[in-house]
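# Working through the structure, step by step
Here is what each chain is made of, one letter per residue.
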Amino acid sequence: MKKIKFKEYIKSYGMEKAAKKFGVSLSTIKSWRWGLRKPSINKAKQIIIASNYQLDFESIYGAIEDV
């Protein structure tokens with residue numbers, strides 16, 4: 001399965017649908033989509049599972065080389 005970036009996933013899936021799927025508010029999805037905030041580690045684990053592993057920690061937080 002192809003991995004995509006978290007922001008791209010939210011954009012293609014739709015913000016309202018993503019909010020429902022990940023169990024968060026629309027304002028939280030918007031802040032993630034625009035890069036203002038990142039999900040907690042526990043929420044990221046839930047997101048990875050909910051996305052059927054299309055997302056992983058690197059797609060949510062960025063590559064380790066980007067630090």
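The present account deals with the structure reproduced in this document. Please read these numbers as outputs of a predicted model, since none were measured by experiment.

## Describing a nonpolar patch on the surface
On the surface, Ile41, Phe57 and Tyr61 cluster together to form a nonpolar patch covering roughly 270 Å² of accessible area. Turning to its location among the elements, isoleucine 41 is positioned in helix H4 (residues 41–50). We classify isoleucine 41 as partly exposed; its relative accessible area is 47%.

## Looking at the side chain of serine 31
Tracing the backbone shows serine 31 in helix H3 (residues 26–33). A polar atom in the side chain of serine 31 sits 2.8 Å from the backbone oxygen of threonine 28.

## Remarks on unusual backbone geometry
One non-glycine residue, asparagine 52, lies in the positive phi region at around 55°. Mapped onto the elements of the fold, asparagine 52 is located in the loop between H4 and helix H5 (57–61). A positive phi angle, near 65°, is found at tyrosine 53, a position not held by glycine. One can find tyrosine 53 in the loop between H4 and H5.

## So, the nonpolar core
Residues Phe6, Phe22, Ile29, Trp32, Ile47, Leu55 and Ile60 are the most contacted members of the largest nonpolar core, which totals 15 residues. If you list the elements that add at least two residues to this core, you get helix H1 (6–13), helix H2 (15–22), H3 and H4. Apart from residues lying up to four places away in sequence, tryptophan 32 is in contact with Phe6, Lys7, Ile10, Phe22, Val24, Arg37, Lys38, Pro39, Lys43 and Ile47.

## With respect to the packing of aromatic side chains
Enumeration over the complete set of coordinates arrives at five aromatic pairs. Relative to tyrosine 13, the ring of tyrosine 9 lies with its centre 5.6 Å away and its plane at 10°, an arrangement referred to as stacked. Of this pair, tyrosine 9 and tyrosine 13 both sit in helix H1, four residues apart, roughly one helical turn. Connected via pairs of aromatic rings, a cluster forms that spans Phe6, Tyr9, Tyr13, Phe22 and Trp32. In this structure, lysine 17 is placed above the aromatic ring of tyrosine 13, and the distance from its NZ or CZ to the ring centre is 4.6 Å. The ring of tryptophan 34 carries the charged tip of arginine 33 above its face, separated from the ring centre by 4.6 Å.

What counts and what doesn't
Residues numbered from 1 in each chain as written. Predicted model: local features only at pLDDT ≥ 70, side-chain atom pairs only at ≥ 80, totals over all residues. Heavy atoms only, no water. Patch = residues over 30% accessible without salt bridge, like charges linked within 9 Å, V, L, I, M, F, W, Y side chains within 5 Å. Areas by Shrake-Rupley, 256 points an atom, 1.4 Å probe, with all protein chains shown as cover. Salt bridge = Lys/Arg side-chain N within 4 Å of Asp/Glu carboxyl O. Helix = DSSP H or I, 4+ residues; strand = E, 2+ residues; numbered from the N terminus. Buried < 20%, exposed > 50% of the residue type's maximum accessible area, 1.4 Å probe, protein only. Polar contact = N/O pair within 3.5 Å; in protein donor to acceptor, adjacent residues only side chain to side chain. Core = buried A, V, L, I, M, F, W, Y, C linked by side-chain atoms within 4.5 Å. Contact = heavy atoms within 4.5 Å. Phe/Tyr/Trp six-rings, centres within 6.5 Å; stacked < 30°, edge-to-face > 60°. Lys NZ or Arg CZ within 6 Å of the ring centre and 35° of its normal.

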